[in-house]
Amino acid sequence: MSVAAVALGAAGVLAVLSSLAAIVLSAPLRPAAVGMGTALTGLAGAVSGVDAVLGGSMSVALPGVLPLAGVSLALDPLGGLFIAVTGGVALAAGIYGISYSRSHGANGRGVQAVFPLFVLAMLLVPAASSVGTFLVCWELMALTSLLLVVAEHRRGPEVARAGRWYVVMTHLGFVAVLIGLLVFAARAGDDSFRAMREVGRHLSPGLAGLVFVVTSVGFASKAGILPLHAWLPRAHPEAPSHVSALMSAAMVNLGVYGIVRVGLDLLGSGAGAGAGWWWSLVLGLGAVSAVYGILQAAMDTDLKRLLGQSTTENMGLVLVGVGAAGLFATSGNRVLAGLALAAALLHVVNHAAFKTLLFLAAGSVLRATGTRDLDALGGLRSGMPWTTGAFGLGALAASALPPGTAFVSEWLLLQALIHGLPTAGGSGGTTAAIAMPLAVAAVALTAGLAVATFVKAFGIGFLAKPRSAGAEHARESPPGMLAGMGVAGVACVVLAVLPTVVLSGVEAAAGAAVGGAEAVSGALTVRLVGVTGELSPLMLTLALLAALVMVVGAVRVVAARRTARTARLWDCGGGPMSARMEYTATSFAEPLQRVFDDVLRPEQDVDVTHHEESRYLVRAVEYRRKVPDRIERRLYEPVLAAVATWGRAGRRLATGSVHRYLGYGFYTVCSLLILLAVTR
Amino acid sequence: MLDLWRKIRRTGRVAEPAPPMPTGEPPSVTAVLAGSVQLRHVDAGSCNGCEVEIASAFGPVYDAERYGARLVASPRHADALLVTGPVTRNMAEPLRRTHEAVPNPKLVVAVGDCARNCGTFAGAYGVIGAVRDVVPVDLEIAGCPPRPEAIVEGVRKLTGR
């Protein structure tokens, strides 16, 4: 028995025990028991994942647990990476949940019992090694997360609406995954991944393409990729914040895992099988999602919704890396495939770290102020210094600027894309030659917009003067929540300064999928192998810190020589300055909205009411502005309207008369019998 | 763009020749300012007649900028205040704060009769007094409104050019 197997078993036992504890214990004891249990589950999961990445393998078959297929679990470095990420997020979210759910109405017996099971389901998805087990875990994950999304349903109808969107879209995705994997397994004659891997690379191109596209649609809907992202900015904000963190930082990753597992591993694209167009599709959708997601985030004024939109962006970036890896692998370039996939997987890890931190900090703000609206926040720095620091760190990590966490992975991604261009001469060369520069441009644009978005989220949300009474009287969160944020914060700093700590593991995971050699080396400096390029995040951070200290010191020295005069802050002589004079999130994003007018199509409405006596006197001016999701307008609304029309048409068939229904049954049986008689 | 260049070339220089240097004792800080004076204009309750003349003084014909004076957008950037109008109740405190906001050494120029002695608005219910009742005045420019030549002359006393 390897460490990985023991730890995964321990995680399972802990999760079930804490779920039982939630049912048995009384309300005051429940948060601590469930929180600690979930944190320990996460810790055990993380240990198991890390050990699997480092080479500890496991293979367990439990034929009696589920009917027909049984349960079979196996660990490899690729699955291990995702298990480790999920475990880490669960550790932070569990600790945070102890204090958060006590004070925030998410302490129901059902909600608390489901929470550890959700973590367990997410830990088991990457460990599943047969189609049956995979689908059961996938569905368990979907159902438990749905229950958590609607946990605060008493708060308002929008929670139920988010839950409806989520349940429909996640199940349509599940159906797609189910169809794809069953078709594949039927051809393999066995539902274990090992048998499918044998058959995968010998499938006919048409069938392989079908399996890939259908499963990818399902997985993309889980990852929030365009155009299947509509549920994500609805469901993630409405869930309790530690659940949002788990969903946004861990669950969406499993969509990426699915695409990598099925496409690169089972269908054999990593070994050169499969077609380039699959991966061009993935790359294209990833690039579009990245730009569109961050653009929506830049426009949004709801703090948690903004973070949800940013998840779409980051998953898009990851899929750009995965798509590039697939393109390189199918054209036979193992080194770049390894590099691109390592960049993508490193971004998965980084995104999990900073998105956990950001969602936990946003939850802390929500708890203290009662609002998520950026236009009603501000001035939290004095009341909530630790939360402000945590969100600031997360915002820095999320923007692709040194010394941020996302900078390292996006740098690796750009290196892979840029170096992909000269080697594009092989098969599928034209596609790569067109796709790579466009992808570089998309990644660069996304990085720029991400900076604007997080400057907005941090600057408007936390600095300046408070814009509402709730923000003015905000008090710091209890130590339990701060400890949860601390875990995620430490992870962010380590990933930003010493990414080499995790790079070897990430590479092992990438190597398991594309079979490439080592793509990145170095202890303190990230050195690319096979192509030229190196980066030292530690030195970069030290240099930036030194420059900062020098600038501050120089300013101090110069200021000390001059005589200082205390004067009133210049407020145009009017004063005192009020919060209404501040920039709002809406006005901050307005220039960007103008630039991207053609993409966003904002809707504006000005209503002028006149006095009765004269049309020249204005009584009131009402101005409304909305930036609707254009894909939703164009794609979802017509489909939903069509479904509603069919439903109304179908109502004519179901009038409520029992005789008619009996008649339907009778005629259906008759026509089936006739059909069978004719065809046999 | 080309039209603009053509217009500039056709119009040529419209500034009037510089009048002789004004006589009289300049304020003592003129030497410190060394020929460059940044002015912040404050409307303390003017009828806007003086504003029209100030705009004209800094326009292409009288071109006060050639003597080293410049209108700036904040008292933090200014060496001197150009105050017009009688000081109204609502503007007294902002005027005081604007004066505080100007870095030392600072000058105040009262432009127009209203700024000097409330002019035609003297005794009005909203007027609390002339500029010198609120902030110390270093230079006064008479006229209702003062002609642009008078404003340019006053400004030249500050710059010494």
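Residues numbered from 1 in each chain as written. Chains lettered and ligands numbered in written order. Predicted model: local features only at pLDDT ≥ 70, side-chain atom pairs only at ≥ 80, totals over all residues.

Asker: Would you explain the overall build of chain A in this entry?
Answerer: Scanning chain A from terminus to terminus reveals 25 helices and seven strands. In terms of principal-axis extent, the alpha carbons of chain A reach across some 100 × 70 × 60 Å. Within chain A, buried positions represent 53% of all 680 residues. (Helix = DSSP H or I, 4+ residues; strand = E, 2+ residues; numbered from the N terminus. Buried ≥ 20, exposed ≤ 12 C-beta atoms within 10 Å, placed from the backbone.)

Asker: Explain the overall build of chain B here, please?
Answerer: Across its full length, chain B carries six helices and seven strands. If you list the helices and strands of chain B from N to C, you get α-α-β-α-β-β-β-α-β-α-β-β-α. Across its three principal axes, chain B shows a C-alpha extent of roughly 50 × 35 × 30 Å. Across the 161 residues of chain B, 39% fall into the buried class. Considering only contacts in chain B between residues 6 or more positions apart, those separated by 24 or more positions represent 84%. (Contact = placed C-beta atoms within 7 Å.)

Asker: What is the right way to read helix 2 (residues 30-53) of chain A from this model?
Answerer: Each turn of an α-helix holds 3.6 residues, which means side chains three or four residues apart point in the same direction. Residues and elements named next belong to chain A. If you check helix 2, its first and last C-alpha atoms are 34 Å apart, about what 24 residues at 1.5 Å a residue would give, namely 34 Å. Most of helix 2 sits out of view: 20 of its 24 residues are buried. Taken from the residues just after helix 2, G55 is the one with a positive phi, measuring 120°. (Expected span 1.5 Å × (residues − 1).)

Asker: Help me understand the interface of chain A and chain B, please; the structure alone is not making it clear to me.
Answerer: Often, the extent of an interface is quoted as the loss of accessible area upon association of its parts. Residue-level contacts link five residues of chain A with seven residues of chain B. Each residue belonging to the side of chain A that touches chain B can be placed in one class, and the counts come to two nonpolar, two polar and one charged. (Nonpolar A, V, L, I, M, F, W, Y, C, P; charged D, E, K, R; others polar.)

Asker: Where do I start with the environment of A151 of chain A in this structure?
Answerer: In this structure, A151 of chain A sits in the loop between helix 5 (131-149) and helix 6 (157-188). Judged by the 26 C-beta atoms lying within 10 Å of it, A151 of chain A is buried.

Asker: How should the sheet that holds strand 1 (residues 37-43) of chain B be read in this particular structure?
Answerer: The strands making up a sheet associate through hydrogen bonds between their backbones, and the pairing can be parallel or antiparallel. Residues and elements named next belong to chain B. Read from one edge of the open sheet, five strands run 2-1-3-5-7, paired in parallel fashion. Strand pairing shows two members of the sheet lacking a second neighbour, strand 2 (69-71) and strand 7 (139-141), which therefore form its edges. This sheet shows a mean twist of 30° between the axes of neighbouring strands, independent of strand direction. One ladder, built from five bridges, connects strand 3 (residues 80-84) with strand 5 (residues 107-111); its direction is parallel. Residue T84 lies in a different strand from strand 5, and its bridge partner there is V111. Packed on one face of the sheet, helix 4 (residues 89-101) meets strand 1, strand 3 and strand 5 and runs near 165° to strand 3. Taken strand by strand, helix 6 (residues 148-159) contacts strand 1, strand 2, strand 3, strand 5 and strand 7, and its axis lies near 165° from that of strand 7. (Pairing = 2+ DSSP bridges. Axes fitted to C-alpha atoms, helices over the stretch in contact; angles between N-to-C directions.)

Asker: I would appreciate a short explanation of the confidence of the model for chain A in the present structure.
Answerer: Close inspection of predicted coordinates is inappropriate for parts of the model with low pLDDT. Of the residues in chain A, 96% reach a pLDDT of 70 or more, and the chain-wide mean stands at 85. For chain A, the element scoring lowest by mean pLDDT is strand 3 (residues 520-521) of chain A, at 69; helix 25 (residues 658-679) of chain A scores highest, at 92. (pLDDT = per-residue confidence, 0-100.)

Asker: Where do I start with the nonpolar core in this structure?
Answerer: Soluble globular proteins tend to bury their nonpolar side chains together. Residue and element names in this part refer to chain A. Membership of the largest hydrophobic core comes to 222 residues, with the highest contact counts inside it found for L246, A340, L341, L345 and L357. Of the residues forming this core, the biggest block, 25 residues, is contributed by helix 13 (residues 334-369). Two domains share this core, each providing at least three of its residues, namely domain 1 (1-204 + 223-252) and domain 2 (268-518). Excluding its chain neighbours within four sequence positions, the residues that come into contact with A340 are G321, A324, A325, F328 and A416. (Core = buried A, V, L, I, M, F, W, Y, C linked by C-beta atoms within 7 Å. Domains from an automatic or database assignment.)

Asker: Would you mind showing me how to read unusual backbone geometry here?
Answerer: Residues apart from glycine generally show negative phi values, whereas peptide bonds are mostly found in trans. Residues and elements named next belong to chain B. A cis amide bond links N104 to the next residue, P105, at an omega of -5°. Following the sequence through the fold, P105 ends up in the loop between helix 4 and strand 5. Looking along the chain, the bond that leaves C144 and enters P145 is cis, with omega of -10°. One non-glycine residue, N48, lies in the positive phi region at around 80°. In this structure, N48 sits in the loop between strand 1 and helix 3 (49-57). A positive phi angle, near 70°, is found at C118, a position not held by glycine. Within the element layout of this structure, C118 appears in the loop between helix 5 (113-117) and strand 6 (127-129). Judged by C-beta crowding, with 21 C-beta atoms within 10 Å, C118 ranks as buried.

Asker: What am I meant to see in helix 4 (residues 109-124) of chain A here?
Answerer: Between the first and last C-alpha of helix 4 of chain A there are 24 Å, a value that for 16 residues agrees with the 22 Å anticipated at 1.5 Å per step. Counting buried residues in helix 4 of chain A gives 14 out of 16 residues, a clear majority hidden from the surface.

Asker: How should I be thinking about the domain arrangement of chain A in this particular structure?
Answerer: All names here are of chain A. Parsing chain A into structural domains produces domain 1 (1-204 + 223-252), domain 2 (268-518) and domain 3 (598-680). The gap between the C-alpha centroids of domain 1 and domain 2 is 21 Å. Counting residues at the interface gives 39 residues for domain 1 and 49 residues for domain 2. Mapped by element, the contributors of at least two residues to the side of domain 1 that touches domain 2 are helix 3 (77-103), helix 9 (232-238) and helix 10 (241-266). The dominant element in the side of domain 1 that touches domain 2, judged by the number of residues it contributes, is helix 3, at 16 residues. Among the residues forming the side of domain 1 that touches domain 2, the class breakdown is 24 nonpolar, 13 polar and two charged.

Asker: What's the story with the pairing of strand 7 (residues 618-626) of chain A in this structure? I'm lost.
Answerer: Look at any regular strand and the pattern is simple: side chains alternate between the two faces of the sheet. Residue and element names in this part refer to chain A. Burial analysis of strand 7 places just zero of its nine residues in the buried class, which makes it a mostly uncovered element. Taken together, the eight bridges between strand 6 (residues 603-610) and strand 7 define a ladder with antiparallel strand orientation. Paired with H610 across the bridge in strand 7 is V618.

Asker: Looking at this structure, how should I read the packing of helix 13 of chain A against helix 19 (residues 479-497) of chain A?
Answerer: How two helices sit against one another is set out by the angle between their axes and by the gap between those axes. All names here are of chain A. Contact geometry of helix 13 with helix 19 gives a least axis separation of 9 Å together with a crossing angle of 150°. In terms of orientation, helix 13 and helix 19 fall into the roughly antiparallel class. Here the hand of the crossing between helix 13 and helix 19 comes out left-handed. Seen from helix 13, the contacting residues are V349, N350, A353, F354, T356, L357, L360, A361 and S364; seen from helix 19, they are M481, G484, M485, A488, G489, A491, C492 and L495. Here the residues of the contact of helix 13 with helix 19 are counted per class, giving twelve nonpolar, five polar and no charged. (Parallel < 35°, antiparallel > 145°, perpendicular 65-115°, else oblique. Left-handed = near helix turned anticlockwise from the far one by under 90°.)

Asker: Would you mind showing me how to read the packing of helix 1 (residues 3-24) of chain A against helix 4 of chain A here?
Answerer: Residues and elements named next belong to chain A. Contact pair helix 1 / helix 4: the axes reach a minimum separation of 7 Å and the direction vectors enclose 170°. Our classification of the angle between helix 1 and helix 4 gives roughly antiparallel. Only R109, Q112, A113, P116, L117, V119, L120 and L123 of helix 4 make contact with helix 1, whose side of the interface consists of A11, G12, A15, S18, S19, A22 and I23.

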